[in-house]
Amino acid sequence: MKAEESKITDILTEDKKYIIPAYQRPYSWSHEQVEDLIKDIYESFEEKTQEYFIGSLICIDKGNDIYEVVDGQQRLTTLSLILAKIRDLIQNTRVKGNLQKRVLPIDDFSEKPQEPRLQVRKKEEDLYKNYILQGDKQYLPDEKDRTHTEKLFINNFHVLEGYLVDFAEETLCQLAEYVLKNVYVVLVKTDSFASSYRLFNVLNTRGLSLKQSDLLKNRLFEIAENKKNISEKVEEYWEEIEDLIGIENMDKFLVLHETARKKNRNKAVLVFKLAEHFSDSVEKEYNGDVIQFVRTLKKSAENYQKIKEIDFDNEIVHRIIQSLTILYEEWIPPMLAFLNKLEQNDNKVSHQDFIEFVKLFEKCYLHRWFAKHNKSQREVVCYDAVANINNNATFDEIQKELKKHAKNEGFIEYVNSNIYEPRSNRMQLVKYVLRRIDQEMQDVSVSKKYNGTITIEHILPQNMENLYWKDRFTNDEHEQWVNKLGNLTLISGSKNSKAQNDGFDKKLDIYKNSDKKVSFDLAKDVLEYSEWNLENLRKRHEHLVEIAENIWLV
């Protein structure tokens, strides 16, 4: 292992080439990080700082001046964007030519571009080489088709242009010279994957900002390094998973995936131990078969996206999953475990079983919410379901165990209580209840979408200053009924701000759309009343409780 201070001019030379290996995370710097780097460099340039260090560059020396970048790709890639953008903005042919060979050498005889000094991942190679380094706009993907990483490349390149475009030609040429001659990195060269991997992990424990998914990917490629012809397949599967989930969501997915495969009722492994845990799993459960591991992980990723995108043909399942998204994500692992179980084709469970499972799970899980249980108490339902699924229980056994968590008495008590409570988690529950009732007011063939800001509206207002309400409710009646289910509806945020404490006639006008329709069936049913008094409030309350019982009674 060798470490030395190196100028950028000595890093990006004609005889050196840098490769971003498949096990590395993609380019991930935000525009804020790019702005910070170019601003810091420019300020150092203005202050005439002789040596400006931007960190380390750890590489495996592959021979023939080819280096595999283990750490430092974010800075190195951004530096290449800076040099490419300065090249684009200046007219000086001498400086322009110098910068060109730093990022993409041109053959002196054929005048055709050679390989870039920095070889990025295959997925971004065309964009980087042809659009960023050559300005060929036919390689610019349509905005709707851009991956997260492609967006970062494009946006950061535009950010640099916005920062540099107003500088004078002379300033840009001097800044380019400063970057090449006065910006330094500590270049660390190792001669093997194993030694670089150790250093990679040491740096991580000392504060390098790496995700668990980065460490896991690194470990998978270390295992694959000793097996022929599988590294490319691992890379292919991993990239497909990243595309499905989104790089920024990988750690969250890995936590949910690991929770969904538990066979005991303990909580899932801690986030900071995910990479270590999965590495052990590859060796012990998959006997080192990395391909089988990533293939299984990809199937789980597909099912996770199915849940996140609410991609279900069955309308009942669609409705329930759609509503569950209002709550915390602790309910996802049981759904994911069941879908993953279906992938195994062992005839233990069927697709019809999944529909029945979702219906029963919602009831039992919500009973914990109705009883005001905390997160860890609610998770007991989830972990029990996951354990039963993964221990090859029959569907009848899964249902039997799930029903043990049902508490019908607590549910009945809840829907007849003052359910509106101005606390965030309880408001989540009220929105859930109202939305599910709103769904059930429509035929099962109807699929509803809920967009924009949705708020909870008190028909009898919380503030009873208006004479309309004082004439119809005593103070005791107001206190008893204002926060009950029968007095609540859903309404768009903009309408809610208008409705507030008005009399019932004005509220009805606001509830209506211009075409005499309203957004929610739950609000439409209020329009059937000519006035809002205690008798009608009770009547509506009983009606909504009946719908709620049809949904949640076990």
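Shown above is the structure to which this text applies.
Report follows, based on the coordinates. If you're wondering where the values come from, they're calculated on a predicted model, not measured in any experiment. (Residues numbered from 1 in each chain as written. Predicted model: local features only at pLDDT ≥ 70, side-chain atom pairs only at ≥ 80, totals over all residues. Heavy atoms only, no water.)

### Regarding the overall build of the protein
- Within the protein, the secondary structure is distributed over 26 helices and eight strands.
- Projected onto its principal axes, the C-alpha positions of the protein cover 90 × 60 × 40 Å.
- In the protein, buried positions account for 53% of the 554 residues.
- Put simply, of all contacts in the protein between residues at least 6 apart along the chain, 73% involve residues at least 24 apart.
- Working note: accessible area of the protein is about 26400 Å², and carbon and sulfur atoms make up 44% of it.
- In the protein, 82 side chains carry a positive charge and 95 a negative one; their mean positions are 3 Å apart. (Helix = DSSP H or I, 4+ residues; strand = E, 2+ residues; numbered from the N terminus. Buried < 20%, exposed > 50% of the residue type's maximum accessible area, 1.4 Å probe, protein only. Contact = heavy atoms within 4.5 Å. Areas by Shrake-Rupley, 256 points an atom, 1.4 Å probe, with all protein chains shown as cover. Lys, Arg positive; Asp, Glu negative; His and termini not counted. Charge placed at Lys NZ, Arg CZ, Asp CG, Glu CD.)

### Considerations on the environment of lysine 372
- Its location among the elements puts lysine 372 in the loop between helix H16 (351-370) and helix H17 (375-390).
- Along the chain, lysine 372 and asparagine 425 lie 53 residues apart, while their C-alpha atoms are 9.7 Å from each other.
- Ignoring anything within four residues of it in the chain, the contact list for lysine 372 reads Glu421 and Arg426.

### Some remarks on the packing of aromatic side chains
- What the rule picks out here adds up to 30 aromatic pairs.
- Connected via pairs of aromatic rings, a cluster forms that spans Phe312, Phe338, Phe354, Phe357, Phe361, Tyr365 and Phe395.
- Residue placement shows arginine 378 over the ring face of tryptophan 369; its charged tip is 3.9 Å from the ring centre.
- For lysine 484, the ring lying beneath its charged end belongs to tryptophan 481, and the centroid distance is 5.5 Å. (Phe/Tyr/Trp six-rings, centres within 6.5 Å; stacked < 30°, edge-to-face > 60°. Lys NZ or Arg CZ within 6 Å of the ring centre and 35° of its normal.)

### As for the side chain of arginine 121
- The residue arginine 121 is located in the loop between strand S5 (118-119) and helix H5 (122-132) in this model.
- Leaving out residues up to four positions away in the same chain, arginine 121 has contacts with Ile20, Gln24, Pro26, Thr149, Glu239 and Glu242.

### Section: the environment of glutamate 169
- In this structure, glutamate 169 sits in helix H7 (residues 169-182).
- C-alpha of glutamate 169 to C-alpha of glutamine 352: the two residues are 183 residues apart in sequence and 69 Å apart in space.
- Apart from residues lying up to four places away in sequence, glutamate 169 is in contact with Leu89, Ile90, Gln91 and Asn92.

### Comments concerning helix H13 (residues 290-308)
- Taking 1.5 Å of rise per residue, the 19 residues of H13 would be expected to cover 27 Å, and the 26 Å separating its terminal C-alpha atoms lies within 8% of that figure.
- Taken together, the buried positions of H13 are occupied by Val290, Ile291, Phe293, Val294, Leu297, Lys298, Ser300, Ala301, Asn303, Tyr304, Gln305 and Ile307.
- Of the residues flanking the start of H13, the one acting as N-cap is aspartate 289, its side-chain oxygen 3.3 Å from the backbone nitrogen of isoleucine 291.
- Phi turns positive one or two residues past the end of H13, at isoleucine 310, with a value near 50°. (Expected span 1.5 Å × (residues − 1). Polar contact = N/O pair within 3.5 Å; in protein donor to acceptor, adjacent residues only side chain to side chain.)

Take it as geometry only, folks, not as evidence of what the structure does.
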